[in-house]
Amino acid sequence: MNFTLEGCRNDGSPVITLPNSSGDFICPDSAYTSGNLGKGWNELDLVPHRLTMSVGNQANATTSFSVVLAADHKTSGKTGYDVVTVPVINAAKSDPSCQIDVDIQRVGGSVTGGADQVVYTIMNVTLDKGKPCVVDYTLRLALGAAQYPGSSLQAYMFEKRTSALANAPFRSPCVKSSPRSLARP
């Protein structure tokens, strides 16, 4: 199986306008990266992420599997990401055999030792051998995320092989800018 987790880079090039002209929180393809997401994100922003999956053509390649989509939630009482939206199949980039079933959002303990808690969801995937499956989802930067310790928040993806999470995380750093102000009208 192959996985690529990417987030939307918001550094001004290209200019990111969300929702896009179709009303979706999906960035232009050129803005997706597996690296730093830039300083253009603010508290309460929905930060687009994309997971691209495929399975091999080998005789023993599995066509049904589970994936955990997770992100740093709390560290030392400070909240980073607080919502994982329900992933949606990107039909233009996916084979018709791509099917997903998504569990509810949960909050759990540390996954990689960086955050005290992570916010996550589990996605069951069915996909024909040798075919692509692309899902888009967002992570919301919590109110107060600018106070999150460290220089970046992380998003992760794990293949769920058993009840224990397996594989090393894929990193998708997000450097926050100053928080937006909230005022009553």
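Relevant structure appears above.
For clarity, every value in this text was computed on a predicted model and none was experimentally measured.

Cut-offs and rules
- Residues numbered from 1 in each chain as written.
- Predicted model: local features only at pLDDT ≥ 70, side-chain atom pairs only at ≥ 80, totals over all residues.
- Heavy atoms only, no water.
- Helix = DSSP H or I, 4+ residues; strand = E, 2+ residues; numbered from the N terminus.
- Buried < 20%, exposed > 50% of the residue type's maximum accessible area, 1.4 Å probe, protein only.
- Areas by Shrake-Rupley, 256 points an atom, 1.4 Å probe, with all protein chains shown as cover.
- Pairing = 2+ DSSP bridges.
- Disulfide = S-S within 2.5 Å.
- Polar contact = N/O pair within 3.5 Å; in protein donor to acceptor, adjacent residues only side chain to side chain.

Caption draft 1: Region of interest: the overall build of the protein. Of regular secondary structure, the protein possesses 0 helices and 12 strands. When the helices and strands of the protein are read in sequence order from the N terminus, they spell out β-β-β-β-β-β-β-β-β-β-β-β. The buried share of the protein, taken over its 185 residues, is 44%. Accessible area for the protein stands at about 9000 Å²; split by element, carbon and sulfur atoms hold 49% of it.

Caption draft 2: View of the pairing of strand β11 (residues 132-141). Counting buried residues along β11, 8 of its 10 residues qualify, which places the element largely inside the surrounding structure. Both strand β6 (residues 81-84) and β11 contribute to a ladder of 3 bridges, which runs antiparallel. Looking at β11, one finds that Val83 is bridged to Arg140. Across 2 bridges, the pairing between strand β7 (residues 88-89) and β11 is antiparallel.

Caption draft 3: Summary view of unusual backbone geometry. Across the junction of Ser13 and Pro14, the peptide omega takes the value 0°, indicating a cis bond. Locating Pro14 in the fold gives a position in the loop between β1 (2-8) and β2 (32-33). At the junction of Leu18 and Pro19, the peptide bond is cis and its omega measures out at -5° in the coordinates. Inspection of the secondary structure assignment puts Pro19 in the loop between β1 and β2.

Caption draft 4: Examining the state of the cysteines more closely. Counting across every chain of the model gives 2 disulfides. Across the disulfide, Cys8 is cross-linked to Cys27 (sulfur-sulfur distance 2.0 Å). Looking down the S-S bond of the Cys8 and Cys27 bridge, the torsion is -100°, so its handedness is left-handed. Of this pair, Cys8 sits in strand β1 while Cys27 sits in the loop between β1 and β2, placing them 19 residues apart in sequence. For the pair Cys8 and Cys27, one class covers both residues: buried. The side chain of Cys98 participates in a disulfide bridge whose partner is Cys133; the two sulfur atoms lie 1.9 Å from each other. Note that Cys98 is positioned in the loop between β7 and β8 (99-102) and Cys133 in strand β11, a separation of 35 residues in sequence. Using a relative accessible area of 3% as the deciding quantity, one classes Cys98 as buried. Residue Cys133 is classed as buried on the basis of its relative accessible area, which comes to 0%. Here the cysteine-cysteine linkages of the protein are recorded as 1-2, 3-4, numbering only bonded cysteines and doing so in sequence order.

Caption draft 5: The arrangement of the environment of His73 in detail. Checked against the element boundaries, His73 lands in strand β4 (residues 64-75). Considered as a pair, His73 and Val119 are 46 residues apart in the sequence and their alpha carbons are 5.4 Å apart. Here the side chain of His73 touches Tyr81 through a polar contact of 2.8 Å, landing on its backbone oxygen.

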